[in-house]
Amino acid sequence: MSDYYKLLGVSRDATAEEIKKAYRKQAVKYHPDKNPDNKTAEAQFKEISEAYDVLKNDQSRQMYDQYGKEGLQGMGGMSGGMGGGYGSMDDALHAFREAFGGGGGGGVFDSFFGGMGGSRTQAGPQPQVGASKKTSIKISFEESARGSDKEIIVSHLTNCDECGGKGAKSASDIVTCSHCQGSGQVFETRGFFSMSATCSSCTGSGQTIRTPCSGCGGAGQVRKKQRVKIHIPKGVDDGMRLKMTGYGDAGIHGGPAGDLFVFIEVESHPLFEREGDDLLLDLPITFSESALGTKKEIPSVLGDEISKITIPEGTQSGKVLRVRGAGMPSVHGRGKGDLLVRIVVETPSALTTKQKELLKEFQTLEASAHQPKKKSFTEKLKALLPKTPT
């Protein structure tokens, strides 16, 4: 995935003016009229135009800085914020005209660059998707195994109940902007160029409010707290993210609400450790159990099942025994992982006199056949020692 800042050749703390200058420089270089029939230049022109379209806007730039390109999906009013890049050259040329102040009205600017794409200026306020939100929630290891339902409180912007999000006291208080005549843009000529800019009176909406709503002060939205129920599926792992569609800030001018992203934090377990969908358990056994073999019963994470394992005689420390289907459930519904039991042979300590005597007696009976690894190691070690002259 291309980094928008690297595409434009600016740092992540670049100012809006630095971003605009960097884009202008590259846009002129890769413009289709200067590179006819050059598909590589055309693709580059689309990419840098997409980057500029996102980084020029404070809201989309903040969303990109926090969540990357994925966080821009569904944001209204931005062609580059849909996550799939520009769909046509018209989208890219719109960003180009805006950066150079082109009005798209058939002036010298459009004639010089071939008039490609036409004008995208639309009168009236355009629907915009509300900003997405993020939060985190902590659950226990057991809750991740069985699933859980949680309830959290989120604070987000909602449409004002008094005005329905319009920001005006009544519908008659919303009037066409007299400065731009409802187009949302104003045009002026500077030398050979016909240039456009967002109308300062209506901030591009094409409408102004005579009497603001008393409930929201004309903003159209108010901040409220809401209880949100979250279903956490079984098998969810630490660091996973749940998407709650429509639980972000309310949309603007009739646009859909943003989303709520819930990041999962899973607490550690005192015995089990997760590796994908498998569970790893260190099982300490005695020296005699490892030598003679034994059987063990291990309860599941939730304590609802028992796994019986047989430890063969002569089992060494570090040996891993696998119990099929006794691990964590897959969050994608593909059954369960396995239980991996790692044997840890514990050396006895604080022995009694009788125990020491028995071990010393056993030591005299030990043979190399009982310890093949030790025998092999000793032989290799001898080969490294300096030879004694005869």
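Rules behind the numbers
- Residues numbered from 1 in each chain as written.
- Predicted model: local features only at pLDDT ≥ 70, side-chain atom pairs only at ≥ 80, totals over all residues.
- Heavy atoms only, no water.
- Helix = DSSP H or I, 4+ residues; strand = E, 2+ residues; numbered from the N terminus.
- Buried < 20%, exposed > 50% of the residue type's maximum accessible area, 1.4 Å probe, protein only.
- Areas by Shrake-Rupley, 256 points an atom, 1.4 Å probe, with all protein chains shown as cover.
- Pairing = 2+ DSSP bridges.
- Axes fitted to C-alpha atoms, helices over the stretch in contact; angles between N-to-C directions.
- Parallel < 35°, antiparallel > 145°, perpendicular 65-115°, else oblique.
- Contact = heavy atoms within 4.5 Å.
- Nonpolar A, V, L, I, M, F, W, Y, C, P; charged D, E, K, R; others polar.
- Left-handed = near helix turned anticlockwise from the far one by under 90°.
- Arc of directions from axis to C-beta.
- Polar contact = N/O pair within 3.5 Å; in protein donor to acceptor, adjacent residues only side chain to side chain.

Peer 1: Would you mind showing me how to read the overall build of the protein chain here?
Peer 2: Broken down by element type, the protein chain carries ten helices and 15 strands. Counting every position in the protein chain, which comprises 390 residues, the buried fraction comes to 37%. Counting every atom, the protein chain has about 23,300 Å² of accessible surface; 51% of that belongs to carbon and sulfur.

Peer 1: Just checking my understanding: could you explain the sheet that holds strand S14 (residues 320-323) for this structure?
Peer 2: Strand pairing in a sheet relies on backbone hydrogen bonds, with the paired strands running either antiparallel or parallel. What the four strands build is an open sheet, ordered S10-S11-S15-S14; its pairing is mixed. Strand pairing shows two members of the sheet lacking a second neighbour, strand S10 (272-275) and S14, which therefore form its edges. Between one strand axis and the next, the sheet turns through 30 degrees on average, direction left out of account. In the sheet, strand S11 (residues 278-286) pairs with strand S15 (residues 339-346) via eight bridges, with the strands oriented parallel. Counterpart to Thr 286 in the pairing with S15 is Glu 346.

Peer 1: What's the story with the packing of helix H3 (residues 39-55) against helix H4 (residues 58-67) in this structure? I'm lost.
Peer 2: When two helices pack together, you describe them by how their axes are tilted relative to each other and by the distance separating the axes. Between H3 and H4, the least distance of the axes is 6 Å, while the angle of their chain directions is 105 degrees. By the angle class used here, H3 and H4 are roughly perpendicular. The residues of H4 that touch H3, namely those facing Asp 53, Val 54 and Leu 55, are Ser 60, Arg 61 and Tyr 64. Across the contact of H3 with H4, the residue classes tally to three nonpolar, one polar and two charged.

Peer 1: Please clarify how the environment of Gly 165 should be interpreted in this entry.
Peer 2: The topology assignment puts Gly 165 in the loop between strand S2 (148-159) and strand S3 (174-176). Gly 165 gets classed as partly exposed once you look at its relative accessible area, which sits at 25%. For the pair Gly 165 and Ala 219, spaced 54 residues apart in sequence, the C-alpha to C-alpha distance is 7.8 Å. Excluding residues that lie within four positions of it along the chain, Gly 165 makes contacts with Asn 159, Cys 160 and Gly 220.

Peer 1: Please explain the packing of helix H2 (residues 16-30) against H3 as it appears in this structure.
Peer 2: Relative orientation of the contacting elements H2 and H3 amounts to 165 degrees, with a least axis distance of 9 Å. Comparing their axes, H3 and H2 come out roughly antiparallel. Seen from above, H2 lies across H3 with left-handed handedness. Each of Ile 19, Lys 20, Tyr 23, Gln 26, Ala 27 and Tyr 30 in H2 lies in contact with H3, whose residues at this interface are Ala 41, Gln 44, Phe 45, Ile 48, Ser 49, Tyr 52 and Leu 55. Among the residues making up the contact of H2 with H3, the classes are represented as nine nonpolar, three polar and one charged.

Peer 1: What's the story with H4 in this structure? I'm lost.
Peer 2: Each turn of an α-helix holds 3.6 residues, which means side chains three or four residues apart point in the same direction. Three or more residues of H4 are buried, namely Ser 60, Arg 61, Met 63, Tyr 64 and Tyr 67. With its buried residues spanning 160 degrees around the axis, H4 presents them on a single face. Turned more than 90 degrees from where H4 packs its buried face, Asp 58 and Gln 62 sit exposed. Among the structural elements, helix H1 (4-8), H2, H3 and strand S1 (133-139) are those in contact with the buried residues of H4. Between a side-chain oxygen at the N-terminus of H4 and the backbone nitrogen of Gln 59 the separation is 2.9 Å; the capping residue is Asn 57. Within two residues after H4, Gly 68 carries a phi angle of roughly 80 degrees, on the positive side.

Peer 1: Just to check I follow, could you spell out the side chain of Glu 143 for this structure?
Peer 2: By the secondary structure assignment, Glu 143 is in helix H7 (residues 141-146). Setting aside residues no more than four positions away along its own chain, Glu 143 makes contact with Ser 148 and Lys 150.

Peer 1: How should I be thinking about the side chain of Ser 49 in this particular structure?
Peer 2: Position of Ser 49 among the secondary structure elements: in helix H3. By relative accessible area, Ser 49 is classed as buried at 0%. A polar contact is formed between the side chain of Ser 49 and the side chain of Tyr 23, at a distance of 3.1 Å.

Peer 1: Even after reading the chapter, I still don't get the environment of Gln 185, so can you show me in this structure?
Peer 2: Among the secondary structure elements, Gln 185 is positioned in strand S4 (residues 185-190). Judged by relative accessible area, which is 18%, Gln 185 ranks as buried. Sequence separation of Gln 185 and Gly 204 is 19 residues, and the distance between their C-alpha atoms is 6.1 Å.

Scope: geometric values only; no functional claims are made or implied.
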